[in-house]
Amino acid sequence: MDTDLSRLATVNHHGFAFLLAYGLTWLLAAAVWRWRGEHAGAYAVLLQGVIALPIAFGLMAVTSAGPRPQNPLLDELSTALAVSQVFALPILLYLILRRAHRQVPIVLAAVTIVHFSPYSWLYRTSLYMVLAGVLAIGLFIVCRLADRRADALAATRTDDFAAVPAGAGGSATPGDWMIPAFTGAVLVIGAIIALLL
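All values derive from a computational prediction rather than experimental measurement.

S.K.: Mind laying out the overall build of the chain, listing which residues take part and the relevant values?
M.R.: Assigned secondary structure in the chain consists of eight helices and zero strands. Walking the chain from its N terminus toward its C terminus, one meets helices and strands in the order α-α-α-α-α-α-α-α. Each of the 197 residues in the chain was classed as buried or not, and the buried ones make up 42%. Counted over contacts in the chain with a minimum sequence separation of 6, partners at least 24 positions apart contribute 80%. If you sum the accessible surface of the chain, you get close to 10,400 Å²; carbon and sulfur atoms cover 69% of it.

Here it is, written out as structure tokens:
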């Protein structure tokens, strides 16, 4: 099993393709959030995985360093790990229906953080534990900064709607687009590190 795991890590460049694809789609979702508002941004975060998955498989096919080890147990584990994030979709849809748009990237980022733990074992690298820690601590800071920015704007505005970006709806917190932006940036940096391992 150890030989297959080591070979899998080498062949897949420690998950480079998936980190890059998902990182780029998180960044795309952040751009949608920033320029089209929280409603469109929450949907972009929800759907980014649909775009990222085929891109990841394509990147993996192009960058693969050889054939994947033929181990049914690894195939089962990979499938279980891939499917695990799907179980968060009903919760994310509920949050969108409740117009709790800000919570969508926070919940999906939390799922990603937990999702990373088994990849440290699968790819035989602590990179995924480090990425999970950076995301957890970094997102706490990003959310607090967004809260402070919203509080500062609320204290200085004279019109109740002055601080709400166009198309964002009444509960928008300026700076919430930084949540998916930070998540995407961490994943892209992780992809670069994974490729260099």
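S.K.: Can you explain the layout of surface pockets? Please cite residues and give values.
M.R.: Roughly 850 Å³ of volume is contained in the largest pocket. Taken together, the elements giving at least two residues each to the lining of the largest pocket come down to α2 (16-36), α3 (38-63), α4 (72-84), α5 (89-97) and α6 (103-122). If one sorts the elements of the lining of the largest pocket by residue count, α3 sits on top with eight residues. Here the lining of the largest pocket is built from residues that sort into 24 nonpolar, nine polar and two charged.

S.K.: Give a description of the pattern of salt bridges that names residues and reports values.
M.R.: With the rule as written, the count across this model stands at three salt bridges. Here Arg 102 makes a salt bridge to Asp 176, at a shortest N to O gap of 2.8 Å. On the criterion of sequence distance, the pair formed by Arg 102 in the loop between α5 and α6 and Asp 176 in the loop between α7 (127-156) and α8 (178-196) is long-range, its members being 74 residues apart. As far as the burial class goes, Arg 102 and Asp 176 line up, both buried.

S.K.: Let's hear about the packing of α5 against α6: which residues, and what values?
M.R.: A pair of packed helices can be characterised by two numbers: the angle between their axes and the separation between those axes. Packing of α5 against α6 leaves a shortest axis separation of 9 Å and a crossing angle of 165 degrees. What the angle tells us is that α5 and α6 run roughly antiparallel. For the element pair α5 and α6, the recorded crossing hand is right-handed. Contacts between α5 and α6 pair Ile 91, Leu 92, Leu 95 and Ile 96 from the former with Gln 103, Val 104, Val 107 and Leu 108 from the latter.

S.K.: Summarise the nonpolar core; cite the residues concerned and give the values.
M.R.: Of all hydrophobic cores here, the largest spans 42 residues; its most connected members are Leu 19, Trp 26, Val 45, Val 104 and Phe 116. For this core, the secondary structure elements donating two or more residues are α2, α3, α4, α5, α6, α7 and α8. The dominant element in this core, judged by the number of residues it contributes, is α2, at nine residues. What Leu 19 contacts, discounting residues up to four positions off in sequence, is His 14, Phe 116, Leu 127, Tyr 128, Leu 131, Leu 187, Val 188, Gly 190, Ala 191 and Ala 194.

S.K.: Kindly report on the environment of Trp 26, identifying the contributing residues and their values.
M.R.: Residue placement: Trp 26 occurs in helix α2. For Trp 26, the residues in contact, after removing those within four places along its chain, are Val 45, Gln 48, Pro 105, Leu 108, Ala 109, Thr 112, Pro 180, Thr 183, Gly 184 and Leu 187.

S.K.: Hey, could you go over the packing of aromatic side chains for me, with residue numbers and the actual values?
M.R.: Scanning the entire structure with this criterion turns up five aromatic pairs. Ring centres of Phe 18 and Phe 57 lie 5.5 Å apart, and the angle between their planes is 85 degrees; this geometry places the pair in the edge-to-face category. In this pair, Phe 18 sits in helix α2 while Phe 57 sits in helix α3, placing the two residues 39 residues apart along the sequence. For Phe 57, a relative accessible area of 45% gives the class partly exposed. Considering the side-chain rings of Tyr 119 and Tyr 123, the 5.9 Å spacing of their centres and the 20 degrees angle between planes classify their relative orientation as stacked. With relative accessibility at 15%, the residue Tyr 119 sits in the buried group. For Tyr 123, a relative accessible area of 6% gives the class buried. Linked through ring pairs, Phe 116, Tyr 119, Tyr 123 and Tyr 128 together constitute an aromatic cluster. Sitting over the face of the ring of Trp 35, Arg 34 holds its NZ or CZ atom 4.8 Å from the ring centroid.

Calculation criteria
In this convention, every chain numbers its residues from 1, walking through the sequence in written order. Only residues with pLDDT of 70 or above have their local features reported here, since the model is predicted, and side-chain atom pairs are shown and tallied only from 80 upward, although totals for entire chains, interfaces and linings are computed over all residues. Water and hydrogen atoms were dropped before computing side-chain values, which therefore reflect all heavy atoms in the structure. A run of H or I in DSSP becomes a helix once it reaches four residues, and a run of E becomes a strand once it reaches two; helices and strands are each numbered from the N terminus. Only protein chains enter the calculation, and the probe is 1.4 Å; a residue is then buried if its accessible area is under 20% of its type maximum, exposed if over 50%, and partly exposed in between. We call two residues in contact whenever any of their non-hydrogen atoms come within 4.5 Å of each other. Surface accessibility in these figures is a Shrake-Rupley result with a 1.4 Å probe; residues are shielded only by whichever protein chains are displayed. Here a cavity means grid points, on a 1 Å grid over the protein atoms only, where a 1.4 Å probe fits yet cannot get out; a pocket means an open set of points with protein on both sides within 12 Å along at least five of seven lines; lining residues are those with an atom within 4 Å of a point. Grid points are joined across faces, edges and corners, and a volume is the space filled by probe spheres set on the points. Each residue gets one of three labels, nonpolar for Ala, Val, Leu, Ile, Met, Phe, Trp, Tyr, Cys and Pro, charged for Asp, Glu, Lys and Arg, and polar for the others, Gly among them. For this analysis, a salt bridge means a side-chain nitrogen from Lys or Arg found within 4 Å of a carboxyl oxygen belonging to Asp or Glu. The angle between two axes is taken between their N-to-C directions and runs from 0 to 180 degrees, where each axis is a line fitted to C-alpha atoms and a helix contributes only its stretch in contact. Each angle gets one of four labels, with under 35 degrees taken as roughly parallel, over 145 as roughly antiparallel, 65 to 115 as roughly perpendicular, and the rest as oblique. Helix crossings are classified by the rotation of the near helix relative to the far one: an anticlockwise turn of less than a right angle makes the crossing left-handed, while a clockwise turn makes it right-handed. Among buried residues, those of type Ala, Val, Leu, Ile, Met, Phe, Trp, Tyr and Cys that are joined through side-chain atoms within 4.5 Å constitute a nonpolar core. Aromatic pairing here means that ring centres of Phe, Tyr or Trp (its six-membered ring) are within 6.5 Å. Orientation follows from the plane angle: under 30 degrees is stacked, over 60 is edge-to-face, and everything else is tilted. We call a charge positioned over a ring when the NZ of a Lys or the CZ of an Arg lies within 6 Å of the ring centre and within 35 degrees of the ring normal.

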